[in-house]
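Descriptive structure summary
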Amino acid sequence: MPELRRVPVNGVELNVALAGSGPAVLLLHGFPHTWELWTDVMAGLSDHYRVIAPDLRGFGASSPAATGYDAGTLAEDAAALLTALGVSSAAVVGIDAGTAPAFLLALRRPDLVRRLVVMEALLGTLPGAEDFLAGGPPWWFGFHSAAPGLAETVLEGHEADYVDWFLRAGTLGEGVRPALRDAFVHAYTGREALSRAFSYYRALPESAAQIEQAVITSRLTVPTLALGAHPVGTALERQLRPLTDNLTGHVIEDCGHIIPLHRPRALLTLLHPFLAGEATQKA
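**Notes on empty space enclosed by the protein**
Evaluation of the coordinates by the stated rule reveals two cavities of 30 Å³ or more. As a volume, the largest cavity reaches approximately 50 Å³. As for the largest cavity, its lining consists of Leu14, Leu28, Pro54, Leu56, Arg57, Leu74, Asp77 and Ala78. Top contributing element to the lining of the largest cavity by residue count: helix 2 (residues 71-84), with three residues.

**Focus: the layout of surface pockets**
Volume-wise, the largest pocket comes out at about 820 Å³. If you trace the largest pocket, you find 40 residues lining it, with Leu122, Pro138, Trp140, Phe141 and Leu204 closest to the centre. Those elements that provide at least two residues to the lining of the largest pocket are helix 4 (139-145), helix 6 (159-169), helix 8 (191-202) and helix 9 (204-217). Here the lining of the largest pocket takes five residues from helix 9, the largest share from any one element. Taken together, the residues that form the lining of the largest pocket break down as 27 nonpolar, nine polar and four charged.

**Some points on helix 3 (residues 99-108)**
Within helix 3, nine of the ten residues are buried, leaving the element largely enclosed by the surrounding structure. The set of residues buried in helix 3 consists of Thr99, Ala100, Pro101, Ala102, Phe103, Leu104, Leu105, Ala106 and Leu107. Those residues of helix 3 hidden inside the fold are in contact with strand 3 (24-28), helix 2, strand 5 (90-95), strand 6 (113-119), helix 9 and helix 10 (235-240).

**Brief notes about the pairing of strand 4 (residues 50-54)**
Judged by how many residues are buried, strand 4 sits mostly within the fold: four of five residues are covered. As defined by bridge partners, strand 2 (residues 12-19) adjoins strand 4 across four bridges and the pair is classed as antiparallel. The residue bridging Leu18 from the neighbouring strand is Ile52, located in strand 4. Pairing of strand 3 with strand 4, which is carried by three bridges, proceeds in the parallel orientation. Across the sheet, the residue bridging to Leu26 is Ile52, located in strand 4. With helix 1 (residues 39-45) bridging strand 3 and its parallel neighbour strand 4, the resulting β-α-β unit is right-handed.

**Description of the packing of helix 3 against helix 9**
Describing two packed helices takes the angle between their axes plus the distance from one axis to the other. At a minimum axis distance of 11 Å, the contact between helix 3 and helix 9 shows a crossing angle of 25°. Between helix 3 and helix 9, the angle is such that the two are roughly parallel. Remark: the crossing between helix 3 and helix 9 carries left-handed chirality. For the pair helix 3 and helix 9, the contacting residues are Ala100, Phe103, Leu104 and Leu107 in the first and Gln210, Ile211, Ala214 and Val215 in the second. In terms of residue class, the contact of helix 3 with helix 9 is built from seven nonpolar, one polar and no charged.

**Re the sheet that holds strand 8 (residues 247-256)**
Spatially, eight strands are ordered 1-2-4-3-5-6-7-8 in an open sheet, and the strand pairing comes out mixed. The two strands at the open ends of the sheet, each matched to only one other strand, are strand 1 (3-9) and strand 8. Pairs of neighbouring strands in the sheet enclose a mean axial angle of 20°, with direction left out of account. Taken together, the six bridges between strand 7 (residues 224-230) and strand 8 define a ladder with parallel strand orientation. Looking across to strand 8, one finds that Leu227 is bridged to His250. Along the sheet face, helix 3 touches strand 3, strand 5 and strand 6 and points at about 155° away from the line of strand 6. Its contacts with the sheet place helix 12 (residues 264-276) against strand 3, strand 5, strand 6, strand 7 and strand 8, and it is angled at close to 160° to strand 6.

Reading the values: the criteria
Residues numbered from 1 in each chain as written. Predicted model: local features only at pLDDT ≥ 70, side-chain atom pairs only at ≥ 80, totals over all residues. Heavy atoms only, no water. 1 Å grid on protein atoms, 1.4 Å probe; cavity = no way out; pocket = protein on both sides within 12 Å on 5 of 7 lines; lining within 4 Å. Points joined across faces, edges and corners; volume = space filled by probe spheres on them. Helix = DSSP H or I, 4+ residues; strand = E, 2+ residues; numbered from the N terminus. Nonpolar A, V, L, I, M, F, W, Y, C, P; charged D, E, K, R; others polar. Buried < 20%, exposed > 50% of the residue type's maximum accessible area, 1.4 Å probe, protein only. Contact = heavy atoms within 4.5 Å. Pairing = 2+ DSSP bridges. Right-handed = clockwise from strand over helix to strand, strands pointing away. Axes fitted to C-alpha atoms, helices over the stretch in contact; angles between N-to-C directions. Parallel < 35°, antiparallel > 145°, perpendicular 65-115°, else oblique. Left-handed = near helix turned anticlockwise from the far one by under 90°.

If you want it as structure tokens, here you go:
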């Protein structure tokens, strides 16, 4: 089992899972998850790496936060966490809500990020995702960010059913192990927990503006691996292609959105050579 530690950073206290030793790998989860999204991945990496998996600001067992759910602040949280742990260089892996902060961290701090892995998310309104968005963004984006408090009012008392829907959809109907399912439900139960989670979606316009501004003057220079599954596919890779000096793209077949839980072995097969600096062939 990973060691759990509480680390004060950037005005909040993050709950952080730590395992293994060696070069650092920072894992940033999405919605509706906690650090436990990475349970299988941590086990597969910890023999060779120091794996660091926080609950993002306001999520899971990290301290509540009234503000700071934009990608820029989450990137600052990640940088401060690495500094607090004495890490001078890390590979950074982000999925879903963790992708935009991972991207901004690598763009702003190439001295700190030696390699970047991003998956199953879009980077704001950058070109390249038009096909994916042809029918509009996923329905929950609007629901979560609609009139303040509406989603919380509708969902309070029904959190388990709601989280279960995402876990089933994100694994093509297979679902996840009961212990992990229960951990995710617990983390997102209660009006305040829901509100903090939805604050990420309500900050998406600010995050998109941060990304658009950042790419005006900077390129992504660190080696980057963009992974897709169902439903995002190659959309993230297409967004990154014009902005990235060293990009590898790969789509994991027969895999739902929650790649680390649905197809952890396939993910680890791609991560090991990439993190080690070996060439990864594009599918």
